[in-house]
Structures are given as structure tokens and as C-alpha cells.
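Examination of the molecular architecture
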Amino acid sequence: MKLELAKSAGFCYGVRRAVRMAEQAAEQGRACVMLGPIIHNNSVIEYLASLGVGLIQRPEEAEPGTAVIIRSHGEGRAAYEALAERGCPLIDATCPNVSRIHQIVSQAEEAGRQVVIIGSPTHPEVAAIAGWCARPLVFEGVQALSDWLEREPERRDLPVTMVSQTTSTQTIWDKCVEKAKKECTNLKIFDTICNATYKRQSEAQALAARSDAVVVIGGRESSNTKRLAELCEALCPKVVWIERAAELEPSTLCRKASIGITAGASTPEWIIKEVYDKMSDENIEIEESFAEMLEKSIKTLNTGEKVTGVVTGITPTEIYVDLGTKHAGYIPVSELTDDPTVKVEDLVKVGDEIETYVMRVNDQEGVVTLSKKRLDTVKSWEDIEQAKEDHTTVEGVVTEENKGGVVVSIKGVRVFVPASQTGLPRDTPMSQLVKQKVRLRITEVNRARKRVVGSIRAVEAEERAAKAAEVWANIEEGKRYTGTVKSLTSYGAFVDIGGVDGMVHISELSWSRIKHPSEVVSVGDTVEVYVISFDRDKKKISLGMKDRTQNPWEVFTSKYQPGDVANVRVVKLMTFGAFAEIVPGVDGLIHISQIADHRIDKPGDVLSEGQMVDVKIIDIDYDKQKVSLSIRALLEGQDADDSAESDGDNEE
């Protein structure tokens, strides 16, 4: 006869944690009682009773001042309030996965959403979940959900938040989700089936499919054990459900070549071992394998060890980890990562296997404080040393500015970057790098002194050189680039077109006459430029920015002709007159004799640069593209009009 034990048989993290908390309360000599069976296993309840842990069914039965253990299934809000009124200290052994559901439904209730729970209405866990919202709906399966939706079609438009009993089957949940997605228009779904439950059920199904018989061990009141039995019965011709080895009749398994054994989440290891002993005293291999399992469950952990576990719960302050031992492991969020920009839910999820470092062991409370960050730091030193050897680029977050540079955290290792290697221009505040992600090259590693030095500038220089090589390989006259203005001078602007700086002469910035490039662009601006000319040997590029498709002279001649009046801007004063911009790129000359209707010594006596004045276009030289303007012509025309009006009055 071949025996095969399911890997996930027995206590889950939540149950192991609850039983351990009850044991610790008894060991401390505290007067305490359970509010309802802490788990669904009579043998465990009897064992706890032998330690002095009592059992009550309602909060009102608790003696004032007596510590009350909240069972792993949890309790509704009313139970907590009733116990608080009686002055009873609480030992909350609610499974972290169940506590998360309480938070979800409570928040949904506050938001005015209809809470829908998929699970058994009579199960203590479901009753506890329902106790955290005022008007919950509980459906055992997709048919009950469908009936509710069909009775009143307008229910499809309700804001619905749907959760599941942690021990429900994945098939039931998936069918309900599929139905809700098709029917409901305002739906939020939270898959709250415990990962350990899903894993246990999947293993049991696989075991049942390849076995001639399956023995399911667990309490008759245990919902998850009942699910295991149902799933196995669908795949295996012979399934035996027992609570203790005494119930097992060897004759029922007669002539079965292969027998699988699984157990519910509330079944302790010693009961599983008891069943093994009865089924096969001579199966040494199985005994040794199970002995290893038991040894693992009572293994003592030591500070500094590396351990691997499975994430079973996530809260805003800590991550719960099942280490497969008697200890309840948790990672404070502060010990998860050094990166302040990363969210916890992006790093770990329930069900993930995680390797951690043991920071502290509290055998009295059965708790182990773990650190993912410290283990990562050890590995990071190795990665950083390798990065220096291979001259590879690494990424980190700037955590602080200090004297002479900045500190970058790379997977928990502090890397100092001198000010000269930050890549910032001289006199630029280094504080602007704090909390920014940067890429750098490791230049020095001294593990003994815990000193690491890096350079951001080296990476930027290499990247710029690579981009520059690409630009020079593909550059040609007329090619357009999107660039960034790097600096300004009196004669033009330097623009970075991707690793290479080109110069836009002041005359190429705009068709308008300007005195300084700052009138058109500023440092940091993104601009569109084109190549006028380039010299590969001298590494010089001449760029243009003004639109060549818009010929200013054509714009001017299409709009104006001799005799027209225009409003112009005075752009330059000379001894012989003033130049004025008629349209961007076309200036006309107002000769000194045409500025006023009387003699003036210099143009500045009447005009100033930037002034807007009306002028008459008195001549256009189309060949030389020159324009003559006159203010005097307008003034004399106005005087003539005034004289004509005066003569008319005299005739009358």
C-alpha cells in the first residue's frame, strides 16, 4: 500500500497563530475564555480546556475583567463593543486574512455600497464579516446571486462590493464573479479566498485524481475540511472523512493500492501523525518524512538566520509570513524596502514565497520579527561589488544631501556621490536630487569600512557620448531636431540636440530684429531647430530656428503697397533716421526728414525704440527689398484736411 501526504495538510498560518496565542495566554496564568471555539476541532478545544482556557458562546457570559480570546474566524463589531463595556481585555486571534475582509466591508458600508458575501450564511466567519456592515447580503453560490439580481432588475445598477468567505472553493467564487461582471454596472470585486485554502484544495484535488482512496482528517464543524471532502469525492471513488485515528476502520481501505491523506486547516500535526501510525506502522519512508515535518513545526529560529516563508496577510504596518514553524513571523513595513517611492502591494502579494532575515525571536510570544531589507542589503553588497568589476550601471534613490555630495540608496546600501560627480552645474543646489531616482557607476567599494562611492556624471557622460556619436553619424543639412536650450550668449543660443550642442545665431532665432536671444528663448526651453551647416572635424553645428517657409518679404508685399498706412514698431535709432518693423523680418526706414513736419536735430528728439507709430509707405524697392516710410506725410495730410474743412466754413 502506497501512502501519500498532501504537502499543505494541517494547520494554516491563521489557525497556528490563534492556537499559539491561546496557549501563551494559558502559560501566563491569565484567566481567559474563548468566545466560541477558537478553531473547528474538538480535540484542540479539549486540549486548551486542559490548560485552563474556558469557552463561552456570547459576550454576556464573560465575567468582567476576564480576558476573552477572539477566535480565528473573527467576530462582528457588536461583540467587540459588548466586551469593551464589560471591561474584558481582548486577545484578538482573528486570522489576518479575515481581518482584511472586515476592513473591506466596513469601508464599503461607509461609502454607501451594497456588501455581497459569497459563503455559507451559518458559518462563524461569514457571520463575523456580516457583523461589520449594517445590511449585508450572503449568497452560497451563483444561483442565489442570480435569483437576487433577477427579482429586481434595478439591483444591477447598485454599487456592489463583493467578497468571499476565505474557505470557499475557487470554482464557486469564479462563477459568482463571472455572473456579477456580466450583470452589475457598478462592481468592486475583492478575491478574499485564502491562498492557503486554494493551495490546499488544489493539492487535494490532484491527490484524489491519482489515488484509489483518500482519507480527509478534520473536525465535522470545519467548513474548509468539508470542502476538501467534497472536492475529493468528485475525483476519487473512495473518500473517508475522520476526526481522529480511532474512527478509521482498516477494512474500509482494504485492497487500495494508493491512498492519499489530506487534512483541514484546523487539524493539528499530532492528529495527522496519529492517523499515520494507525495506517502504516511499517512505512518507514513516510514516518521519516512526517517526522521531518513535525521537526520543522517545532524548529527553533535564531537571530541572523535566512528563512523562507509564504506571505499570508498584508496590513498598512506589517506583512504576515508563515514560516512553517510554531512561530508567527511578520515583517514591519519599514523592514521591507529602503525605497520610499514603492508601494507595499507592488512588492509582495498574499501567497508569494519570500526569503527574509531573522531580526528578533520572541519564543515566549511565539513571534519572529523578520527583515526583507537586511537580507537584500547582504545580497546588494555582492551585486555592487560585481557592478564595479563589470563597470555596469546601477539605479538607486537619492535619500539625503550631506557635506560634499549626496547619498544614494541602492537596495539598502548607502553610496556616496561627491558633488563633482552629481552631474549638476556648479552652484546648483544638490537638494533638488533628493528623492529622485538616479543611474550611476560604482567607482569605489570598501566593504570592511562599509564605504561605496559612485558617479552619476560618468553615466551621463557615457550616454551623452553615445548620443553624440549617433547624431554625427546621421546629421545632414536641413535635418530637423527637437532640442533643449542649454545656454545663452549675446550672439546666440546653444541648443542640445541629443548629446551635441549646436548654435543658433541671434539672426536665426527670429525674423524680428532682437537685441538679445532671451527675447525669444530661455534656458531649458524645448525648441524645434534645423541644421544650416556643420563641420565634423571642428565639431561645430550651425542651427536655425525661424520658419524658412514663411518669407517675410512675401508676407509684406501681399499685405501692403505704396500709399498704405501701417502701424509699426521703432526698432533702431540712427543719426540719419529710424528703422521700424512693419512685419516680422521686414524693416522700413523713416528718414530724419520724414519724422516730423518741422526740422529736428536727431530722431531721438521725437521717437524712442519700441514705440508704436503710424506711418505712410511712400516707396517700395522690390529689387533691393527696401521700404521708405514717412510720419511727416501723414501729418501734412492731416493739416491739408484741416485747411480744407476751414475753407469750407468760410464759404458758407
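Here we look at the overall build of the protein
In terms of regular secondary structure, the protein is built from 17 helices and 32 strands. Its C-alpha atoms give the protein a radius of gyration of 42 Å, more than 25% over the compact-globule value 26 Å for 652 residues. Here the C-alpha coordinates of the protein stretch approximately 135 × 75 × 55 Å along the principal axes. Within the protein, buried positions represent 46% of all 652 residues. Here the analysis covers contacts within the protein between residues at least 6 apart in sequence; of these, 64% occur between residues at least 24 apart. Surface summary for the protein: the accessible area is close to 33,300 Å², and the carbon and sulfur share equals 47%. Looking at charge distribution, the protein has the averaged site of its 80 positive side-chain charges lying 5 Å from that of its 102 negative ones.

Thoughts on the pattern of salt bridges
Overall, the coordinates contain 27 salt bridges when judged by the stated rule. Among the ionic pairs, Glu-178 bridges to Lys-182, the shortest N-O distance being 3.6 Å. One end of the pair, Glu-178, and the other, Lys-182, are both in helix H7 (residues 170-183), four residues apart, so they sit about a helical turn from each other. Accessibility expressed as a relative area gives 44% for Glu-178, which makes it partly exposed. Residue Lys-182 is classed as exposed on the basis of its relative accessible area, which comes to 64%. When the shortest N-O distance is used, the salt bridge between Arg-220 and Glu-247 registers 3.8 Å. Of this pair, Arg-220 sits in the loop between strand S10 (213-217) and helix H9 (223-233) while Glu-247 is found in the loop between strand S11 (239-242) and strand S12 (258-263), placing the two residues 27 residues apart along the sequence. Residues joined in a network through salt bridges with shared partners are Arg-16, Glu-269 and Asp-322.

Describing unusual backbone geometry
With a phi close to 75 degrees, Lys-435 is a non-glycine residue in the positive phi region. Checked against the element boundaries, Lys-435 lands in the loop between strand S20 (413-418) and strand S21 (437-446). Classification of Lys-435 by relative accessible area gives exposed; the value is 61%. With a phi angle near 55 degrees, Lys-450 is a residue other than glycine that sits in the positive phi range.

Structural notes on empty space enclosed by the protein
Enumeration over the complete set of coordinates arrives at one cavity of 30 Å³ or more. Around the largest cavity sit 23 residues that line it, and Cys-12, Val-15, Glu-125, Thr-166 and Thr-167 are the ones nearest its centre. Elements supplying a minimum of two residues to the lining of the largest cavity: helix H1 (13-27), helix H4 (96-110), helix H8 (195-209) and H9. Within the lining of the largest cavity, the residues separate by chemical class into eight nonpolar, 13 polar and two charged.

Here's the deal with the confidence of the model for the protein
A residue-level look at the protein finds 93% of positions with pLDDT of 70 or above and a mean pLDDT of 86. Here residues 282-291 is modelled with pLDDT under 50, and outside its nearest four sequence neighbours on either side it reaches 13 contacts, counting other chains as well. Low pLDDT (under 50) marks residues 294-298, which in the prediction has ten contacts with non-local residues, meaning those over four places away or in another chain.

Thoughts on the layout of surface pockets
A volume near 700 Å³ is recorded for the second largest pocket. Along the walls of the second largest pocket sit 26 residues, with Arg-100, Ile-104, Phe-190, Thr-192 and Ile-314 positioned nearest its centre. Taken together, the elements giving at least two residues each to the lining of the second largest pocket come down to H4, H8 and helix H12 (344-347). No other element matches H4, which puts six residues into the lining of the second largest pocket. Split by residue class, the lining of the second largest pocket holds twelve nonpolar, eight polar and six charged.

A short note on the pairing of S10
Most of S10 is tucked away, with five of its five residues classed as buried. Neither face of S10 is open: one carries Ala-213, Val-215 and Ile-217, the other Val-214 and Val-216, and all of them are buried. As paired strands, S10 and S12 are joined by five bridges and run parallel to one another. The residue bridging Ile-217 from the neighbouring strand is Ala-263, located in S12. Bridge count for S10 against S11 is four bridges, and the pairing is parallel. Considered in S11, the bridge of Val-216 is made with Trp-241.

Describing the sheet that holds strand S24 (residues 492-496)
Taken in spatial order, the five strands of this closed barrel run S23-S24-S25-S27-S26, and their pairing is mixed. Looking at each pair of strands side by side, their axes are set apart by 50 degrees on average, direction ignored. Relative to S24, strand S23 (residues 480-489) runs antiparallel, the two being bridged by five bridges. Within the sheet, the bridge partner assigned to Thr-489 lies in S24 and is Gly-492.

The rules behind each value
- Residues numbered from 1 in each chain as written.
- Predicted model: local features only at pLDDT ≥ 70, side-chain atom pairs only at ≥ 80, totals over all residues.
- Heavy atoms only, no water.
- Helix = DSSP H or I, 4+ residues; strand = E, 2+ residues; numbered from the N terminus.
- Rg over C-alpha atoms; globule rule 2.2 N^0.38 Å.
- Buried < 20%, exposed > 50% of the residue type's maximum accessible area, 1.4 Å probe, protein only.
- Contact = heavy atoms within 4.5 Å.
- Areas by Shrake-Rupley, 256 points an atom, 1.4 Å probe, with all protein chains shown as cover.
- Lys, Arg positive; Asp, Glu negative; His and termini not counted.
- Charge placed at Lys NZ, Arg CZ, Asp CG, Glu CD.
- Salt bridge = Lys/Arg side-chain N within 4 Å of Asp/Glu carboxyl O.
- 1 Å grid on protein atoms, 1.4 Å probe; cavity = no way out; pocket = protein on both sides within 12 Å on 5 of 7 lines; lining within 4 Å.
- Points joined across faces, edges and corners; volume = space filled by probe spheres on them.
- Nonpolar A, V, L, I, M, F, W, Y, C, P; charged D, E, K, R; others polar.
- pLDDT = per-residue confidence, 0-100.
- Pairing = 2+ DSSP bridges.
- Axes fitted to C-alpha atoms, helices over the stretch in contact; angles between N-to-C directions.

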